[in-house]
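# Coordinate analysis (summary)
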Amino acid sequence: MSVYKLTYFNFPALAEPIRFLLAYLEIDFEDFRFEREQWPSIKPTMPFGKVPILEIDGKILNQSIAICRYLSKKSGLAGGDDWESLMIDIAVDNVNDLRQALSLHAFDPNEKSKAEKYVTLINETIPLYMNKFENTVSENDGYFVNGKLSWADIYFVACLDFLNFMAKVDLLESRPKLQAHKRKILEIPQIKSWVGQAKRPAFSM
């Protein structure tokens, strides 16, 4: 049996989709978390100075999206054919585009430009993406692609706490289709078990 070890900061964020997929696959893994003050000493040991990384039998893998895609293929959630796989990848990339837009604001050290970015986020970026996500789920019988569970659904819900944290608002407010989508994903037995575990990292940065 392969040995899995996930390395990331002591909060959900970018590692949480990987954790969700490992839980879905019912793969036991070492969830190695470190504190922010430890990062300067850990960073030089990472492949490109970034985390998360996933080690499988000692082989180090970086790039969280690629790792999620690999795990989704193992779980049968990557699409039934090339076209469906493409649609799933597009859905994930759209979620990731929103995450990157939120990150540019949340981690901007300049308070003036940070405030300006937030106005754009609240008035333009967030409504654009979240309304499109709401419509997508509505048109696909409660999922992101083809009316069935894919890793895009798991990725979105796993990222949601991080997205809300950066946006400083509840992104699902007044979006009933996405609210129902979140409840459905969190009711998947393996994911429900992971989310309910006391050892799951809390969100604080």
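Here the structure is shown first, and the text comes after it.
Because the structure is predicted, anything quoted here is derived from the model rather than measured.

### Structural notes on the overall build of the protein chain
The helix and strand inventory of the protein chain stands at eight helices and four strands. Shown N-terminal to C-terminal, the secondary structure of the protein chain runs as helices and strands in the order β-α-β-α-β-β-α-α-α-α-α-α. Over its C-alpha atoms the protein chain spans a radius of gyration of 17 Å, differing by no more than 12% from the 17 Å that the globule rule assigns to 205 residues. Here the C-alpha coordinates of the protein chain stretch approximately 45 × 45 × 35 Å along the principal axes. Contacts in the protein chain between residues far apart in sequence, at least 24 positions, make up 71% of those at least 6 positions apart. Charged side chains of the protein chain number 25 positive and 27 negative; the gap between the two group centres comes to 3 Å.

### Some words on the packing of aromatic side chains
Tallied over the entire structure, the rule returns 12 aromatic pairs. Centre to centre, the rings of Phe9 and Phe11 are 5.5 Å apart; their planes meet at 0 degrees, and the pair counts as stacked. In this structure, Phe9 and Phe11 share a single accessibility class: buried. Each ring, one from Phe9 and one from Trp39, has its centre 5.3 Å from the other, and the planes form 55 degrees; the classification is tilted. Of this pair, Phe9 sits in strand 1 (residues 4-9) while Trp39 sits in helix 2 (residues 39-42); the two residues are 30 residues apart in sequence, bridging distant segments of the chain. Overall, Trp39 belongs to the buried group, its relative accessible area being 17%. Among the aromatic residues, ring-to-ring pairing joins Tyr8, Phe9, Phe11, Phe34 and Trp39 into one connected group. Across the ring face of Phe32, the terminal group of Lys5 is positioned such that the distance to the ring centre comes to 5.0 Å. In this structure, Lys184 packs its charged tip against the face of Tyr143, placed 3.9 Å from the ring centre.

### Looking at helix 7 (residues 176-186)
Every buried residue belonging to helix 7 is among Leu178, His181 and Ile185, and all of these are buried. An end-on view of helix 7 places all buried positions within 55 degrees of arc, on one side of the element. The secondary structure elements touched by the buried residues of helix 7 are helix 5 (111-139), helix 6 (151-167) and helix 8 (189-195).

### Here we look at the environment of Leu104
The topology assignment puts Leu104 in helix 4 (residues 82-106). Residue Leu104 is classed as exposed on the basis of its relative accessible area, which comes to 58%.

### Digging into the sheet that holds strand 1
In spatial order, the strands read 2-1-3-4; together these four strands make up an open sheet with mixed pairing. Looking at strand neighbours, the two that pair on one side only are strand 2 (29-34) and strand 4 (59-61), the edges of this open sheet. Strand after strand, the sheet turns through a mean of 20 degrees between neighbouring axes, direction not considered. Pairing analysis gives six bridges linking strand 1 to strand 2, with the strands arranged parallel. Its bridge partner being in strand 2, Tyr8 is matched across the sheet by Arg33. Seen against the sheet, helix 1 (residues 16-24) touches strand 1, strand 2 and strand 3 (53-56) and runs at an angle of roughly 155 degrees to strand 1.

Procedures and definitions
- Residues numbered from 1 in each chain as written.
- Predicted model: local features only at pLDDT ≥ 70, side-chain atom pairs only at ≥ 80, totals over all residues.
- Heavy atoms only, no water.
- Helix = DSSP H or I, 4+ residues; strand = E, 2+ residues; numbered from the N terminus.
- Rg over C-alpha atoms; globule rule 2.2 N^0.38 Å.
- Contact = heavy atoms within 4.5 Å.
- Lys, Arg positive; Asp, Glu negative; His and termini not counted.
- Charge placed at Lys NZ, Arg CZ, Asp CG, Glu CD.
- Phe/Tyr/Trp six-rings, centres within 6.5 Å; stacked < 30°, edge-to-face > 60°.
- Buried < 20%, exposed > 50% of the residue type's maximum accessible area, 1.4 Å probe, protein only.
- Lys NZ or Arg CZ within 6 Å of the ring centre and 35° of its normal.
- Arc of directions from axis to C-beta.
- Pairing = 2+ DSSP bridges.
- Axes fitted to C-alpha atoms, helices over the stretch in contact; angles between N-to-C directions.

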